[in-house]
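A closer look at the structure
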Amino acid sequence: KLNDELGAGNGTANALNGTGDTYLANVFTRTSTQEEYLTAVGLDCPYSAATYEVYVNAASSDKATLTKVELLEGDSISVTPGYHTFKFKNPVKLTGSSFVIVVKIKDEEGMEVFALEDKTLSMADPEAGQSYVAKGTSIENLTWYDIGDSTSAQTYLGNLCIKGLVKNEVSDTP
């Protein structure tokens, strides 16, 4: 068994309003003034019947302005349960003081399970404005729920287990 000191657990989007696929978003704040390139996304995938797609806004935390990222494996990927790194076919240059990574979970069986650092079971310290969940049939016009907002008891869960892997230089090989 993998020891996750921050206490990753599973959450579900079944309680969210709407139908369709589940979308997860983490907002990151850049602290470097150097050029940076997002080259991959790390994700804890707790369920094997789903496929995953990755979207990025490299210029801001705006979740309405996203670009789909082509992965080395293609437009989407299916994986076994566990931690995975989704490498990008081409690096994405980060241009703003913040950026957002969105992962779409398409699950034909309706499980809609995602990994999170649970506020009650872990050492994670979730804050508002970091992790969001949405459900819908299209990435446009989603209603995002801030799961780190402690003033929202209905959706306050913790932080999503989405990691952005960044490099300062880009090589020819991903």
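Anyway, here's the lowdown on the structure attached to this text.

About the criteria used
Residues numbered from 1 in each chain as written. Predicted model: local features only at pLDDT ≥ 70, side-chain atom pairs only at ≥ 80, totals over all residues. Heavy atoms only, no water. Salt bridge = Lys/Arg side-chain N within 4 Å of Asp/Glu carboxyl O. Buried < 20%, exposed > 50% of the residue type's maximum accessible area, 1.4 Å probe, protein only. Core = buried A, V, L, I, M, F, W, Y, C linked by side-chain atoms within 4.5 Å. Helix = DSSP H or I, 4+ residues; strand = E, 2+ residues; numbered from the N terminus. Contact = heavy atoms within 4.5 Å. Polar contact = N/O pair within 3.5 Å; in protein donor to acceptor, adjacent residues only side chain to side chain. Pairing = 2+ DSSP bridges. Axes fitted to C-alpha atoms, helices over the stretch in contact; angles between N-to-C directions.

1. Some words on the pattern of salt bridges
Taken as a whole and judged by the stated rule, the model has seven salt bridges. In this structure, Glu 36 engages Arg 30 in a salt bridge whose closest nitrogen and oxygen atoms are separated by 2.6 Å. Each member of the pair, Glu 36 as well as Arg 30, carries the same accessibility label: buried. The network of salt bridges with common partners includes Asp 21, Glu 53, Lys 68, Lys 104 and Lys 106.

2. Side note on the nonpolar core
Within the largest apolar cluster, 28 residues are counted, with the highest numbers of intra-cluster contacts made by Tyr 52, Val 54, Phe 86 and Phe 88. For this core, the secondary-structure elements that each account for two or more residues are β3 (36–45), β4 (50–57), β7 (82–94), β8 (98–107) and β9 (113–118). Here Tyr 52 is in contact with Leu 43, Cys 45, Tyr 47, Leu 71, Asp 75, Ser 76, Ile 77, Val 79, Phe 86, Val 103, Lys 104 and Ile 105, once residues within four sequence places are set aside. In this structure, Tyr 23, Val 27, Tyr 55 and Val 102 belong to the second largest nonpolar core, which totals eleven residues.

3. Side note on the side chain of Asn 57
Position of Asn 57 among the secondary structure elements: in strand β4. For Asn 57, a relative accessible area of 7% translates into the label buried. Polar contacts involving the side chain of Asn 57 include one to the main-chain amide nitrogen of Ala 59, which spans 2.9 Å.

4. Looking at the sheet that holds strand β13 (residues 162–167)
Read from one edge of the open sheet, three strands run β7-β3-β13, paired in antiparallel fashion. In this open sheet, the two strands that pair with only one neighbour each are β7 and β13. Neighbour-to-neighbour, the strand axes of the sheet open up by a mean angle of 25°, direction not taken into account. Bridge analysis of β3 against β13 gives six bridges, and the strand direction is antiparallel. Along β13, the bridge assignment pairs Leu 43 with Ile 162.

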